[in-house]
Amino acid sequence: MSKEGEFFIYLLERYADFKKEKASEILKLWDRIGLTNLIYDLYEIYHGERLENAFEDIDKLLQKKLAQA
């Protein structure tokens, strides 16, 4: 597995813990609103910063996508 793939799984699991949700449910939401690939592609940014910063960014992306739906 690529380093990006490994980090994506790590990020997903930590984000799910942070939100007190199952990782599978978080991934379903990201897939449904079209965020999975974007979050995966942000590896270069997210892996170099604190996870809390990535979580804040993901929350903002979620809010934006959900507002557009």
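Quick notes on the rules
- Residues numbered from 1 in each chain as written.
- Predicted model: local features only at pLDDT ≥ 70, side-chain atom pairs only at ≥ 80, totals over all residues.
- Heavy atoms only, no water.
- Axes fitted to C-alpha atoms, helices over the stretch in contact; angles between N-to-C directions.
- Helix = DSSP H or I, 4+ residues; strand = E, 2+ residues; numbered from the N terminus.
- Parallel < 35°, antiparallel > 145°, perpendicular 65-115°, else oblique.
- Contact = heavy atoms within 4.5 Å.
- Salt bridge = Lys/Arg side-chain N within 4 Å of Asp/Glu carboxyl O.
- Buried < 20%, exposed > 50% of the residue type's maximum accessible area, 1.4 Å probe, protein only.
- Expected span 1.5 Å × (residues − 1).
- Arc of directions from axis to C-beta.

Would you mind showing me how to read the packing of helix H1 (residues 3-19) against helix H2 (residues 23-33) here?
For any two helices packed against each other, one specifies the crossing angle of their axes together with the interaxial distance. In the contact formed by H1 and H2, the axes pass within 8 Å of each other and the chain directions differ by 105°. By the angle class used here, H1 and H2 are roughly perpendicular. Residue-level inspection shows Phe 8, Leu 12, Glu 13, Tyr 15, Ala 16 and Lys 19 of H1 in contact with H2, the latter providing Ala 23, Ile 26, Leu 27 and Trp 30.

Any chance you could explain the pattern of salt bridges here in plain terms?
Under the counting rule described, the total for this entry stands at four salt bridges. Between Glu 25 and Lys 28 there is a salt bridge, with its nearest N and O atoms 3.3 Å apart. Here Glu 25 and its partner Lys 28 are both found in helix H2, three residues apart, which amounts to about one turn of the helix. A relative accessible area of 52% places Lys 28 in the exposed class. Residue Glu 52 pairs with Arg 50 through a salt bridge whose shortest N-O separation is 3.7 Å.

Is there a simple way to explain the environment of Ile 33 in this structure?
Structurally, Ile 33 is set in helix H2. You can call Ile 33 buried: its relative accessible area is 13%. Separated by 26 residues in sequence, Ile 33 and Phe 7 place their C-alpha atoms 21 Å apart. In this view, Ile 33 contacts Leu 62, Lys 65 and Leu 66; residues no more than four positions away in its chain are not counted.

Sorry if this is basic, but what is going on with helix H5 (residues 51-68) here?
Given 3.6 residues to a turn, an α-helix orients residues that are three or four positions apart in the same direction. For H5, spanning 18 residues, the distance from its first C-alpha to its last is 26 Å, which sits close to the expected 26 Å at 1.5 Å a residue. Among all positions of H5, only Leu 51, Ala 54, Phe 55, Ile 58, Asp 59, Leu 61 and Leu 62 are buried. With its buried residues spanning 165° around the axis, H5 presents them on a single face. Exposed and facing more than 90 degrees away from the buried side of H5 are Lys 60, Gln 63, Lys 64, Ala 67 and Gln 68.

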